[in-house]
Amino acid sequence: MHPMLNTAIKAARRGATVINRGSFDLDLLKIEKKQHNDFVTEVDRAAEQAIIEVLLSAYPTHAILAEESGASANLHDKNNNENENVWIIDPLDGTTNFIHGFPQYCVSIALQQRGQITQAVVYDPTRNDLFTATKGAGAYLNEKRIRVGKRDRIADALIGTGFPFRAAAAPESQDTAALEQYIDMFRIMTTRCAGLRRPGAAALDLAYVAAGRLDGFFEKGLKPWDIAAGALLVSEAGGLIGNFNGESDYLHKGEVIAGSPKIFAQTLALLEPFAGAPTAK
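Residues numbered from 1 in each chain as written. Predicted model: local features only at pLDDT ≥ 70, side-chain atom pairs only at ≥ 80, totals over all residues. Heavy atoms only, no water.

1. Focus on helix α2 (residues 42-58)
- In this model α2 runs 25 Å from its N-terminal to its C-terminal C-alpha over 17 residues, within 8% of the 24 Å that 1.5 Å per residue would give.
- Buried residues of α2: Val-43, Asp-44, Ala-47, Glu-48, Ala-50, Ile-51, Ile-52, Val-54 and Leu-55, and no others. (Helix = DSSP H or I, 4+ residues; strand = E, 2+ residues; numbered from the N terminus. Expected span 1.5 Å × (residues − 1). Buried < 20%, exposed > 50% of the residue type's maximum accessible area, 1.4 Å probe, protein only.)

Here it is in structure tokens:
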């Protein structure tokens, strides 16, 4: 196993220890709102710190891009060149699920080297599911090789998605175009596939695509830390991942279609008209 992947696994388990401790005392948690229906807990922050400590103690010159603390000071050098090694971290993907005791959340850690994701860990502490990948070396679940699903017709496929919850939850203060667009996509996809699921943690949804538990996945409005680790898992498991035009700049575009090659192609054909920012009707 690659030493950097080993370090990422150690960091993910350290973060999960913090999360598991917090899960016993949900009623006592301090919960803040970042914005309407977007929560952060003291557990998110403590888990992130625990993860960063493990990573930087092993690799002190590496940069960090993390959900709660943002970008570290050494993301760029004195010439404003991006650091060659950037750890992209979501300490607790699925915070809303976690707050409710709904057991669908995970730790997501990826290493980006010269713009390429090379190491990935997605760890589900409630099921003790450890998804790992190293670029060029395959994807694994609890050290067993995983592959994307074999279904080749979208009519037979179970597809995961995520909802643009901020727009949905606060229509009076948000542009509702994203919600309207999403409902249109939902209508198309739910009539074409065997089932549509919205579990609430994109990193874990992508890991499920890699393991064949979902045949495909689509979502818009994501951040790099939602996507980075799951994207490498999918590609190393023989799947495809791209933006809604099928291109590879999904990490910063924040929109993703993933799946086995045939399900990816069929999903892309249905959703390509929705590429880019939604426009108000």
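2. Points about the packing of aromatic side chains
- For the coordinates displayed, the defined rule picks out six aromatic pairs.
- Between Phe-163 and Tyr-182, the ring centres sit 4.7 Å apart and the planes meet at 75 degrees, which makes this aromatic pair edge-to-face. With a gap of 19 residues between them, Phe-163 in the loop between β11 (158-161) and α4 (165-169) and Tyr-182 in helix α5 (residues 177-192) connect regions that are remote in the sequence.
- The interplanar angle of 45 degrees and the centroid separation of 6.3 Å between the aromatic rings of Tyr-182 and Phe-186 together place this pair among those described as tilted. (Phe/Tyr/Trp six-rings, centres within 6.5 Å; stacked < 30°, edge-to-face > 60°.)

3. Brief notes about the side chain of Ser-260
- Considering the arrangement of structural elements, one finds Ser-260 in the loop between β15 (256-259) and α9 (261-271).
- If near-sequence neighbours (up to four positions away) are discounted, Ser-260 is found in contact with Val-148, Gly-149, Arg-151, Asp-215 and Gly-239. (Contact = heavy atoms within 4.5 Å.)

4. As for helix α6 (residues 202-210)
- The element α6 is largely enclosed, with a buried count of nine among its nine residues.
- Turning to α6, its buried residues are Ala-202, Ala-203, Leu-204, Asp-205, Leu-206, Ala-207, Tyr-208, Val-209 and Ala-210.
- Just downstream of α6, Gly-212 is the residue with a positive phi angle, here 80 degrees.

5. Focus: the environment of Tyr-105
- Inspection of the secondary structure puts Tyr-105 in the loop between α3 (95-100) and β6 (106-113).
- For the pair Tyr-105 and Asp-93, spaced twelve residues apart in sequence, the C-alpha separation works out to 5.5 Å.

6. Topic: the sheet that holds strand β7 (residues 116-124)
- What the eight strands build is an open sheet, ordered β4-β3-β5-β6-β7-β8-β9-β10; its pairing is mixed. Edge positions in the sheet fall to β4 (70-71) and β10 (144-145), since each has one partner strand and no second.
- Note that strand β9 (residues 139-141) and β10 share two bridges and pair antiparallel. Bridge pairing in β10 places Tyr-140 opposite Arg-145.
- Across the sheet, helix α1 (residues 3-23) touches β5 (85-93), β6, β7 and β8 (129-134), and the angle it forms with β7 is around 35 degrees.
- Packing against the sheet, α2 makes contact with β3 (63-66), β5 and β6, and its axis sits at approximately 150 degrees to β5. (Pairing = 2+ DSSP bridges. Axes fitted to C-alpha atoms, helices over the stretch in contact; angles between N-to-C directions.)

7. Looking at the packing of α5 against α9
- Taken N-terminus to C-terminus, the directions of α5 and α9 make an angle of 140 degrees; their axes are 10 Å apart at the nearest point. The orientation of α5 with respect to α9, classified from their angle, is oblique. Between α5 and α9 the crossing geometry is right-handed. Here α5 contributes Met-185, Ile-188, Met-189 and Arg-192 to the contact with α9, which in turn contributes Thr-267, Leu-270 and Leu-271. (Parallel < 35°, antiparallel > 145°, perpendicular 65-115°, else oblique. Left-handed = near helix turned anticlockwise from the far one by under 90°.)

8. Some details on the nonpolar core
- If you look at the biggest cluster of nonpolar residues, it comprises 42 residues, and the most contacted ones within it are Ile-88, Val-122, Phe-131, Leu-233, Ile-241 and Val-256.
- Residues within four places of Val-122 in sequence aside, it is in contact with Cys-106, Val-107, Ser-108, Asp-129, Leu-130, Phe-131, Ala-203, Leu-204, Ala-207, Ala-229, Gly-230 and Leu-233.
- With 30 residues, the next largest nonpolar core counts Val-43, Val-54, Ile-64 and Leu-92 among its residues. (Core = buried A, V, L, I, M, F, W, Y, C linked by side-chain atoms within 4.5 Å.)

9. Section: the pairing of β5
- Within β5, nine of the nine residues are buried, which leaves the element mostly enclosed by the surrounding structure.
- Looking at chain direction, β3 and β5 are connected through four bridges and run parallel. Across the sheet, Ile-64 pairs through a bridge with Trp-87, a residue of β5.
- One ladder, built from seven bridges, connects β5 with β6; its direction is antiparallel. Looking across to β6, one finds that Trp-87 is bridged to Leu-111.

10. Brief notes about the environment of Pro-60
- Tracing the chain through its elements places Pro-60 in the loop between α2 and β3.
- For the pair formed by Pro-60 and Asn-74, sequence separation is 14 residues and the distance between their alpha carbons is 9.8 Å.

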